Amino acid sequence: GLQAMAIQRSSSLLLAAAVAFAMLWALASVTSTAFVAPPASEPSLRGAEVARPDHGAPAVAAAVGAVLAAMPEAAHAANQGYAVLQLGWAVFIIGLGPAVLFWIYF
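This section reports on the structure supplied with the text. It should be emphasised that the depicted structure is a prediction, and the values quoted were computed from it without experimental measurement. (Residues numbered from 1 in each chain as written. Predicted model: local features only at pLDDT ≥ 70, side-chain atom pairs only at ≥ 80, totals over all residues. Heavy atoms only, no water.)

### Quick look at helix α3 (residues 80–105)
Counted at 1.5 Å a residue, the expected span for α3 with its 26 residues is 38 Å, and the 39 Å between its end C-alpha atoms agrees. The largest bend in α3 is about 25 degrees, located at G97, with the proline P98 one to four residues further on. α3 sits mainly on the outside: 0 of its 26 residues count as buried. (Helix = DSSP H or I, 4+ residues; strand = E, 2+ residues; numbered from the N terminus. Expected span 1.5 Å × (residues − 1). Bend = angle between axes of the 7 residues up to and from the residue. Buried < 20%, exposed > 50% of the residue type's maximum accessible area, 1.4 Å probe, protein only.)

### Observations regarding helix α2 (residues 57–70)
Compared with an ideal rise of 1.5 Å per residue, which puts 14 residues at 20 Å, α2 spans 20 Å between its outermost C-alpha atoms and is within 8% of the ideal. Burial analysis of α2 places just 0 of its 14 residues in the buried class, which makes it a mostly uncovered element.

### Comments concerning the packing of aromatic side chains
Under the counting rule described, the total for this entry stands at 2 aromatic pairs. The interplanar angle of 85 degrees and the centroid separation of 5.6 Å between the aromatic rings of W89 and F92 together place this pair among those described as edge-to-face. Of this pair, W89 and F92 both sit in helix α3, separated by 3 residues, roughly a single helical turn. Look at F92 and you get partly exposed, because its relative accessible area is 47%. Between F102 and F106 the ring centres are 5.2 Å apart and the planes differ by 35 degrees, which places this aromatic pair in the tilted class. Taking the relative accessible area as the measure of exposure, F102 reaches 53% and is therefore exposed. Owing to a relative accessible area of 76%, F106 belongs among the exposed residues under this scheme. (Phe/Tyr/Trp six-rings, centres within 6.5 Å; stacked < 30°, edge-to-face > 60°.)

Structural data, given as C-alpha cells:
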C-alpha cells in the first residue's frame, strides 16, 4: 500500500515536471522566432540613410527651451476667470457628496 502510494506520488510529480518542461520549451521555441533582428547591412527603410549624430543639437535645444520657459505664455495671461469657474464647480460637486449621503440616510 505505502510503496504503491509513493510510486503514484513520484509519477505524478514526474508528469507535472515533464508538462512544465514541455510548456517552457514550447514557449522558448515560439519566442525565439517571434523577434528576428534585421540584417545589419541593409537600412531599415528604403532610401534611408545612416543618421550622423549632431553634437550641437542638445545645446541648441536647451537654449531654445530656456528662452521659451522665460517668456510669459499669452494663452494663460487672461484666463484666471476660467480657473475660478473650475474651482467653483469643484466645490459644488465635492459638496454634493455629503448632501447626497444626508439625503439617503436621513
